Amino acid sequence: MRVQRLKGGKRKSYVRPQAGPLAIEWYQEDVHVLHNSHWTRQRLHNGDQKPISKKIPPVLDGCNQTIISDELKNDAQHSDFESGLKPLWLRAQSGDELSYQKALRLIAGRLRSYFRRHLMNLPDDVEDLVQETLLALHLHRGSYDPTQPVSAWVLGISRHKLMDLYRRRGRREALHEPIDGLEEHLAAEDPGETLANVDLHSLLQELPKAQRIAIEMTKLEGLSVAQASTRTGVSESAIKVQVHRGLKRLAALVRKEPT
Amino acid sequence: MKTDTLIEMLARQAGPAPDFPVRRRLAAAAALGFLASSVLALVLIGPLPAAAFYTAAPWIKFVYAVLLLAGASALAARLSRPVSSTITARAAVVGVFLLMLLAGAVTLIATPEGERWSALLGQTWWICPWMLMMLSLPALSAILWAMRSLAPTRLRQAGFAAGLVAGVVGAMGYSLACPETSVAFVAVWYSLGIALTGWVGQWLGPKVMRW
């Protein structure tokens, strides 16, 4: 489902017929939302940046994601996804590797179906974007605030990544805001193909030597930071910095890589 | 590469989540910007005579700027994360602005009728907003750069917030050199200059903060 923003800032909306658990019908000013299996009628301010309604997030960058997060907060209580993810994520945040792995797998499945829906015409880009987003989530995981639902945080970043891809591709969809969230994809995970076009292993070769070695030792061979430090003679904090910088560099390379 | 391999790689030796120093980075950038705008104001325009600082005029500007800074920096901090509610911070910014506008209106009404225009326009109304914006540009680049290293996902809004903070910081610098004394002048032209900087930030945000 997408909302189009017309030039001149006036909010007019249109229907894009699409199957899905959440159906929205737009009229000039009122919006009817099928939510939890009943229709609610909500009024939009014409020309306003955001609708009064707490249920419909408005357009593109002008959008205020609090609205989404509020919505997800409500939904989240009933959602298996959130309730399954949150404890894993909290443990991961405090350093539990196994929980982190599980959480990322859970997220990857959701991301795949989310991106697949919004990249109907670019199926080849889906897995690349999943990987790019996972990298971004990892690099910015400090920005997660435990008072918020993890799914809202993930959605915020995934949507940002999706918009970024649209802009890069110079597509008309960049004008549209996908307004359905991860939660709405009740069609659960899409195990589908998991092989991306972009190969991180080969991109790794493009990193500066110190960063590449730090990543290879800790991330591929699985050495602890302390072991990597004694093997290379570099301090532990320097290893951590190199790993972080390397992954950041890698994320930038993935983003630029033409596919 | 398989996504599963990537996940294993990301999780391996990941350790606890790193700190996310929003406040520290924004504060450092704003402080740097304040320094730059003060120096620019003093060098380009020249400081007010010392006697001026014994009158209320520069302090009114300063207090307005400090109050606005509280709201604007809270807004910028919240927009530096993917999902944080911005409602309170926005209300604070608008509230301070309206309060100042009200104070300006009240003093204008208290001014004798013949002098109202000169109180509102002062000597420098046409240059003030532009000068203020110009003095804010170093702060704007510092703050955008700081924000870029965080995780803003609402780029236009984040850019606008960065511009507001920069504008306020520029206003502080400009108040060291600005000869105007009326509250109404500050309420209108300073606010306009700050908003201008905000719009520059809004325009730049999506261009420079992509990640």
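Residues numbered from 1 in each chain as written. Chains lettered and ligands numbered in written order. Predicted model: local features only at pLDDT ≥ 70, side-chain atom pairs only at ≥ 80, totals over all residues.

**Details of the overall build of chain A**
- Each helix and strand counted, chain A has nine helices and five strands in total.
- Reading chain A from its N end, one meets helices and strands in the order β-β-β-β-α-α-α-α-α-β-α-α-α-α.
- Here chain A, with 259 residues, has 41% of them falling under the buried criterion.
- Sequence-distant contacts, at least 24 apart, represent 58% of the contacts inside chain A between residues at least 6 apart. (Helix = DSSP H or I, 4+ residues; strand = E, 2+ residues; numbered from the N terminus. Buried ≥ 20, exposed ≤ 12 C-beta atoms within 10 Å, placed from the backbone. Contact = placed C-beta atoms within 7 Å.)

**Some thoughts on the overall build of chain B**
- A tally of regular secondary structure across chain B gives eight helices and zero strands.
- Along chain B, helices and strands appear, N-terminal first, in the series α-α-α-α-α-α-α-α.
- Overall, the C-alpha framework of chain B stretches about 75 × 35 × 25 Å when taken along its three principal axes.
- A burial count over chain B gives 54% of its 211 residues as buried.
- Restricting the contact set of chain B to residue pairs at least 6 apart, pairs at least 24 apart contribute 87%.

**Quick look at the packing of helix α2 (residues 22-44) of chain B against helix α7 (residues 155-174) of chain B**
Residues and elements named next belong to chain B.
- Running from N to C, α2 and α7 point in directions that differ by 40°, and their axes come no closer than 8 Å. With respect to their mutual orientation, α2 and α7 come out oblique. The hand of the α2/α7 crossing is right-handed. Between α2 and α7, the contacting residues are Ala30, Gly33, Phe34, Ser37, Ser38, Leu40 and Ala41 on the first element and Val165, Ala166, Val169, Gly170, Met172, Gly173 and Tyr174 on the second.
- In terms of residue class, the contact of α2 with α7 is built from nine nonpolar, five polar and no charged. (Axes fitted to C-alpha atoms, helices over the stretch in contact; angles between N-to-C directions. Parallel < 35°, antiparallel > 145°, perpendicular 65-115°, else oblique. Left-handed = near helix turned anticlockwise from the far one by under 90°. Nonpolar A, V, L, I, M, F, W, Y, C, P; charged D, E, K, R; others polar.)

**Focus: the nonpolar core**
- By size, the foremost hydrophobic cluster in this structure holds 65 residues, and its most contacted members are Ala72, Ala76, Ile143, Ala161, Ala162, Val165 and Val168 of chain B.
- Contributions of two or more residues to this core are made by α2, α3 (57-79), α4 (87-110), α6 (128-148), α7 and α8 (183-208) of chain B.
- Looking at which element gives the most residues to this core, the answer is α7 of chain B, with 13 residues.
- In contact with Ala72 of chain B, not counting residues within four places along its chain, are Val93, Ala161, Leu164, Val165 and Val168 of chain B.
- Formed by 55 residues, the second largest nonpolar core is a distinct cluster that contains Trp89, Ala152 and Ile215 of chain A together with Ile7 of chain B. (Core = buried A, V, L, I, M, F, W, Y, C linked by C-beta atoms within 7 Å.)

**Focus on the interface of chain B and chain A**
- Contact with chain B, which involves 35 residues of that partner, is made by 46 residues of chain A.
- With eight residues, helix α1 (residues 3-11) of chain B is the largest single contributor of residues to the side of chain B that touches chain A.
- Residues of the side of chain B that touches chain A, tallied by class, amount to 18 nonpolar, eight polar and nine charged.

**Topic: the confidence of the model for chain B**
- Mean pLDDT over chain B stands at 92; residues scoring 70 or higher make up 100%.
- What the predictor reports for the complex is a pTM of 0.76 with an ipTM of 0.84. (pLDDT = per-residue confidence, 0-100.)

**Re the environment of Thr181 of chain B**
- Here Thr181 of chain B shows up in the loop between α7 and α8.
- As for Thr181 of chain B and Pro58 of chain B, which are separated by 123 residues in sequence, their C-alpha atoms are 7.5 Å apart.

**Points about unusual backbone geometry**
- Phi is positive for Gln13 of chain B, close to 55°, though the residue is something other than glycine.
- For Gln13 of chain B, the position within the fold is in the loop between α1 and α2.

**So, helix α9 (residues 236-256) of chain A**
All names here are of chain A.
- Between the first and last C-alpha of α9 there are 30 Å, a value that for 21 residues agrees with the 30 Å anticipated at 1.5 Å per step.
- Ile239, Gln242, Val243, Gly246, Leu247, Leu250, Ala251 and Val254 are the residues of α9 that are buried.
- Buried residues in α9 make contact with α4 (125-139), α6 (200-204), α7 (209-220) and α8 (225-232). (Expected span 1.5 Å × (residues − 1).)

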